[in-house]
Structures are given as C-alpha cells and as structure tokens.
Amino acid sequence: MTQIKIFLILTTIFGVITAQEVEIKTFKIKYISASHIYLQGGEKDGLAVGDELIVYSGSEKIGRIKIEFVSRYSASASVLEKQRDFKIGDIAKLVKEEKAAETAISSQKTDSLISERKMPPYQRKRTAPRALKTKIDGYVSGQYYYFKDLGARKLNFSQPTMRLRLKIKNLWNRHYNFELRFRSRYNLRDKSFSANVPKSEWQNRLYEFTFDYNAPGAFLTYKLGRIISNAFSGVGYIDGALANLKLTNDFYFGLFAGTQPDWRTSNFQTEIQKYGGYLKFERGKFGSKKINVTLAGVGEYHGGTVSREFMYFQVSYYHGRRWNIYHNVEIDVNRYWRKERAKESLSLTGFYLNANYRITSSISASLSYDNRKNYYTYELRTLADSLFDDAFRHGLRANVYFKIFKDYQISLNFGLREKSTDANFSYSYGLNVTRRNFFSKYNRMSFRFSGFDNIFATGFSPNATFSRYLRGGHYLTFSYGNYYYQIKNINDNKLNHWIRILGQIELPARFYINSTYEYDWGSDVKGHRLLFELGYRF
C-alpha cells in the first residue's frame, strides 16, 4: 500500500512539472489591418519570425497565422488560412507548444489511468471539472475625422465617432456569453446637399447585442438579441432568438424567429418578421479534414404579406492545410404577388464558389466565381418592371501569392465582371510587391499597382508604402499614390494624388492612439484629411 502511495505522489509531481514545461502561450489579437494581424506579445514572450500560431474564437479553431515581424512587446502576422474572419480579442496559440501540450496531456492521462487501475475501486476519485473563468475582451474608442476642403466648393466635413466592442465569455463561470458591438457618429457639413443629406445628423448603429449559451456538447444551445449566425450567413441579422439542437455528433437542427432591423439605420423595427430553420452536418477538425453542410429555409413577411421566401445552401470543405472550397446557393420561392412579378415559381438569385490551394509552402492560389441578381421584396412590389433590374451579374476573380527568397512577397489578382445585358466585360487587376527587412528588420516596403476598365471609364492607381515598426508595438507608415481615370463617353481625363502618414502608439494601461493625416490634390479634390483615435482595450 505504501509503495502505491509513493508511486502516485511521484506520478503527480512529474505530471505537474511536465504541464509547466509545456504550458501553452496564448496571444490576444489587439488590432487587425487590411494585410496583417497584430498580437499582444513579442520577443520577451517567446515569439520569433516564422512561428506559426492557430487562432481560436472561444474553443473553436478558426484559422492559422505566421509571424512576419516581431519586436520586444509586439508582433505582426500574415494570414495563412482562415475559416471565418478574425476579431479583436481572439486568441492565438503557438503550434509547436500546442502539440507538445497535447502530447503531455495524453501522457498524463495514460499515467493516471495506470495509477487508477492499480488502486482499489473504493480509493479512486473523480477529477472535478476545471472551473471556467470569466473573460472580458474588446475595446472602446473615440475618433475624430476632419476634412478641410481647399477647392472651390468648400465642402468641409467633420465626424466625431464613438466605437464600442465588448465580449464577455463564461458569465457566472459557465458557458454563457455576451457580445455588444456599437458605433455612434455625428456628421457635420458646412453645406446641406439635400433633404436626404442634411447639414448635420446623428448615425447610430447597433451591430450586435447578443446573449448566448454555447456549452460544448450540449443538446441545446441558443442566442438571444440582435444576432447573426455563420451557420447561414445569407440570412443576415435578426432581432429575436435562435435555438440549436444537437441531434447526433454530426447533425444539428436549428430554428430562429424575430424581426429584421432597418438596413439603412440598424434601428429596431417590427414591420418585417423573419422566420426559418436549418439542418447542419459537421464532421472533422479544422487543420485536418473538415466538412460543413447547411440547408436553411427562410421566410420574410410584412405583416401577413410575403416579402421574401428562399432556400439557402452552403458547404465548406477543408482538406488539411493544402486546399479548401466554399460554396453557397440562394433559390427564391415565389408565391402570390412575387410569382406574378418574377413570372416563375423558383428563381436562382445567388451562386458563389471559392477555392483555395496551397501549391507549395511559398506559393498559393485562389479562384472565386459569383452569379447574382436582384429579387423582389415588399418594398419593391409596386416598382414598375421597366425600373427593376433583374439582370444576372457574373464575376470571376483569381489570386496568386508568391513568397520569393526570404523577404519578398508578391501577390497578383485579376477579376472579370459582366452584367448579362452589357456588351462587354468589366475587368480589374492588381499587383503587390512587399519587401520585408528593408535595410532593417524593423522596416517594410510595399509597391502596389491596380487598374480597371468598364463601359463607363478606365483607370489605374500606383502607390508605395514604407512602414517602420518600433519597440513596444508602435509603428509608423508613409504612403504616396495617385489615381488616374478617363470617362469614356466625354473623353475626360482625371488625375488625383495623395500623401498619407499613419501611426499608432501603444500607451500604458492598455490605451492606444491611432492617427492618420492625408493631403489630396488633383482634378477632383484638394484638401487635408485628419483622423485621430484614442482607445482602450479590455
């Protein structure tokens, strides 16, 4: 008996030491730009250029990033792959440490099982579940934007803004969560353009106000408030409730009901009601092989009158980190007045397909196609046929990304669009060349060139950007660019230039300052633009 006790004590001590050695370091996303993800943590926390991290939203793996630049207290990363958009407050974990932790945990479980088998049944104890901790993420900031028009029209404009993003996880130490996303703006113009564009106005937007219960493995999970679900992204926002039932390990069934917010102002309204349900199949794990299939039926009604009824289908498949594909389709079901206007019972109103392929570790490509057309709703039911545009719009876009040598990155993109009633395609194209470690490991230089051509105009825009990353998470960016275009039917040429300086300063106690200055001059505009933001991250 004494030998068994000594064995258990040694096993426990070894397990604690192992767990400490492989403690997973986590890094919170503090800022997201158009091309990079910025993390709270740098060299002093063990990050290095080339490290790969897995990004989590709660307990769900949603993507993978790679460190491109690191200072002592901050780091920036590029996106290798993502299942959905990242958000400020999401957590990134080092891949190598996560694998080590999984190995250690597996070893500890095996040792514990061996120990329990050696113990008499009456001495075995159940391990209490780890208590959840309440976590608060997000930010609150105040912005001020000002445009000083030096042209003849004197269209000066100012816009103070308040932004709030709050996410509280594990309320009351359980799987209850709360999320709030809000923006308030005040627009002030020197002149009033029209009744629809007044001299001054408030614009308040409530994007999300959600309380949810989302325990892993629970039979019933739900959301209440102003919600949107990635299970059926085509449905949009609703003010109401969503319930999700786990039928088996792979199948889920959901119902939702509520009203549709005003799409112009985001205000609450009761005129449009929205109901529906979905069936979802999900199997696999992100990072290996994973498939997700959803079929939804949705109805929108204005009182007792149909506004829109449609079926929504989406499927995504991830084959490890090598390639993935995403597809969705919307089919409108036309009844009553909608059938009279559409002149058919079923209408294909949306089709989208996207595929990504990682050819090598330094070359990747993507291809997407979409085919959409307008559909009748309650607001458009009295619109004359001659004014309703129901033509299909087709689009095809290709992207290729190269990583050449150690510090060069090149991306190419090309897109075609066509309206079924147009005689010619519209096309756009772009080239981006980035040089990291530009005379210093803290510098980055980028050159971009983009252009377009359609039935109305043709044009192009070259620009160059120099970025300097400083210790402590600060950075400074200088840009120059111009924009040339020609209006075809009147053969009118326009050329505009801009110079932009952007900087961010990380202050003590989680405060930050973000500021942009821009000077524009040319055919269409001449003036100064200033944006200043003071924020606090929770």
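This text gives an overview of the structure that appears in the document. For clarity, every value in this text was computed on a predicted model and none was experimentally measured. (Residues numbered from 1 in each chain as written. Predicted model: local features only at pLDDT ≥ 70, side-chain atom pairs only at ≥ 80, totals over all residues. Heavy atoms only, no water.)

**Observations regarding the pairing of strand 3 (residues 52-57)**
Using the following cut-off: Relative accessibility decides the category of a residue: with a 1.4 Å probe and only protein chains considered, values under 20% of the type maximum give buried, values over 50% give exposed, and everything between is partly exposed. Helix numbering and strand numbering both begin at the N terminus, where a helix is a DSSP run of H or I of at least 4 residues and a strand a DSSP run of E of at least 2. Strand pairing is assigned whenever DSSP identifies at least 2 bridges connecting the two strands.
Across the 6 residues of strand 3, 5 count as buried, placing the element largely inside the fold. Across 6 bridges, the pairing between strand 3 and strand 4 (residues 60-70) is antiparallel. Within strand 4, the residue paired with Val55 across the bridge is Gly63. Hairpin connection between strand 3 and strand 4: a loop of 2 residues separates the two successive antiparallel strands, and Gly58 in this loop has a positive phi of roughly 70 degrees. Two elements, strand 3 and strand 6 (residues 91-94), share 4 bridges in a ladder whose sense is antiparallel. Considered in strand 6, the bridge of Ile54 is made with Lys93.

**Quick notes on the nonpolar core**
This is how it is decided: Residues enter a nonpolar core if they are buried and are Ala, Val, Leu, Ile, Met, Phe, Trp, Tyr or Cys, with the set joined through side-chain atoms within 4.5 Å. Two residues qualify as a contact provided that any one of their heavy atoms is within 4.5 Å of a heavy atom in the partner residue.
Counting 16 residues, the largest nonpolar core has Leu39, Leu47, Leu53, Val55, Ile65, Ile67 and Phe86 as the members making the most contacts within it. In terms of residue count, strand 4 provides more of this core than any other element does, 4 residues in total. The residues touching Val55, leaving out its near neighbours within four places in the chain, are Ile29, Glu60, Lys61, Ile62, Gly63, Ile65, Phe86, Asp90, Ile91 and Ala92. In terms of nonpolar packing, the next biggest core, distinct from the first, is built from 10 residues, Ile227, Val235, Leu242 and Phe256 among them.

**As for the packing of aromatic side chains**
Heads up, the condition is: Note on ring pairs: Phe, Tyr and Trp rings are taken, using the six-membered ring of Trp, and paired if centres are within 6.5 Å. Classes follow the plane angle, with under 30 degrees stacked, over 60 edge-to-face and the rest tilted. Only lysine NZ and arginine CZ atoms are considered, and such an atom sits over a ring when it is within 6 Å of the ring centre and within 35 degrees of the ring normal.
For the structure on display, the rule yields 27 aromatic pairs. With a centroid separation of 4.7 Å and an interplanar angle of 70 degrees, the aromatic rings of Phe438 and Phe439 are classed as edge-to-face. The exposure class assigned to Phe439 is exposed, which follows from its relative accessible area of 78%. Grouping aromatic residues by their ring pairs yields a cluster made of Phe414, Tyr427, Tyr429, Phe449, Phe460 and Tyr484. A cation over an aromatic ring shows up here: Lys93 above the ring of Tyr56, its NZ or CZ 4.6 Å from the ring centre. Lying across the ring of Phe147, Arg529 places its NZ or CZ 4.4 Å from the centre.

**A few points about a nonpolar patch on the surface**
Keep this limit in mind: Distance thresholds for patches are 9 Å for like charges and 5 Å for nonpolar side chains (Val, Leu, Ile, Met, Phe, Trp, Tyr), applied to residues having over 30% relative accessible area and no salt bridge. For accessible areas, the Shrake-Rupley method is used with a probe of radius 1.4 Å. Any residue's cover is judged against the shown protein chains and nothing else. The rule for a salt bridge is simple: a side-chain nitrogen of Lys or Arg has to be within 4 Å of a carboxyl oxygen of Asp or Glu.
Side chains of Phe219, Leu220, Leu247, Phe251, Phe253, Leu255 and Leu279 sit close together on the surface and give an oily, nonpolar patch of about 640 Å² of accessible area. Broken down by element, the nonpolar patch gets its largest block of residues, 3 residues, from strand 13 (residues 251-259). When you line up the elements, Leu279 lands in strand 14 (residues 272-284). The partly exposed category is assigned to Leu279, whose relative accessible area is 41%.

**With respect to the pairing of strand 21 (residues 408-419)**
On any regular strand, side chains alternate: one points to one face of the sheet, the next to the other face. Bridging between strand 20 (residues 393-404) and strand 21 involves 12 bridges; their strand directions are antiparallel. Within the sheet, the bridge partner assigned to Lys403 lies in strand 21 and is Gln409. Where strand 20 folds back on strand 21, the antiparallel hairpin that results is connected by 3 residues, among which Phe405 adopts a positive phi of roughly 55 degrees. Pairing geometry for strand 21 and strand 22 (residues 426-436), over 10 bridges, is antiparallel. Across the sheet, Gly415 pairs through a bridge with Ser428, a residue of strand 22. Hairpin connection between strand 21 and strand 22: a loop of 6 residues separates the two successive antiparallel strands.

**Description of the environment of Leu348**
Relative to the helices and strands, Leu348 is located in strand 18 (residues 346-358). Classification of Leu348 by relative accessible area gives partly exposed; the value is 35%. When the C-alpha atoms of Leu348 and Met311 are compared, they prove to be 9.8 Å apart, with 37 residues separating the residues in sequence. Leaving out residues up to four positions away in the same chain, Leu348 has contacts with Val329, Glu330, Ile331, Lys373 and Phe392.

**Some points on the pattern of salt bridges**
On inspection of all chains with the given rule, the structure shows 31 salt bridges. When the shortest N-O distance is used, the salt bridge between Asp262 and Arg264 registers 3.3 Å. Given the relative accessible area of 17%, Asp262 is considered buried. Arg264 gets classed as partly exposed once you look at its relative accessible area, which sits at 41%. Notably, a salt bridge pairs Glu344 with Lys373, separated by 3.7 Å at the nearest N-O pair. Taken together, the residues span a long stretch of sequence, with Glu344 in the loop between helix 3 (337-342) and strand 18 and Lys373 in the loop between strand 19 (363-372) and strand 20 at a distance of 29 residues.

**What to know about the sheet that holds strand 5 (residues 74-82)**
Strands in a sheet are paired, the pairing made by backbone hydrogen bonds, and the direction either parallel or antiparallel. For clarity, the threshold we go by: Only the contacting stretch of a helix is used when fitting its axis, a line to C-alpha atoms as for every element, and angles between N-to-C directions run 0 to 180 degrees.
One closed barrel holds the 6 strands; their spatial order is 1-2-5-4-3-6, and the pairing between them is antiparallel. Direction aside, neighbouring strands of the sheet carry axes that sit 45 degrees apart on average. Bridge count for strand 2 (residues 37-40) against strand 5 is 4 bridges, and the pairing is antiparallel. Its bridge partner lying in strand 5, Tyr38 is registered against Ser76.

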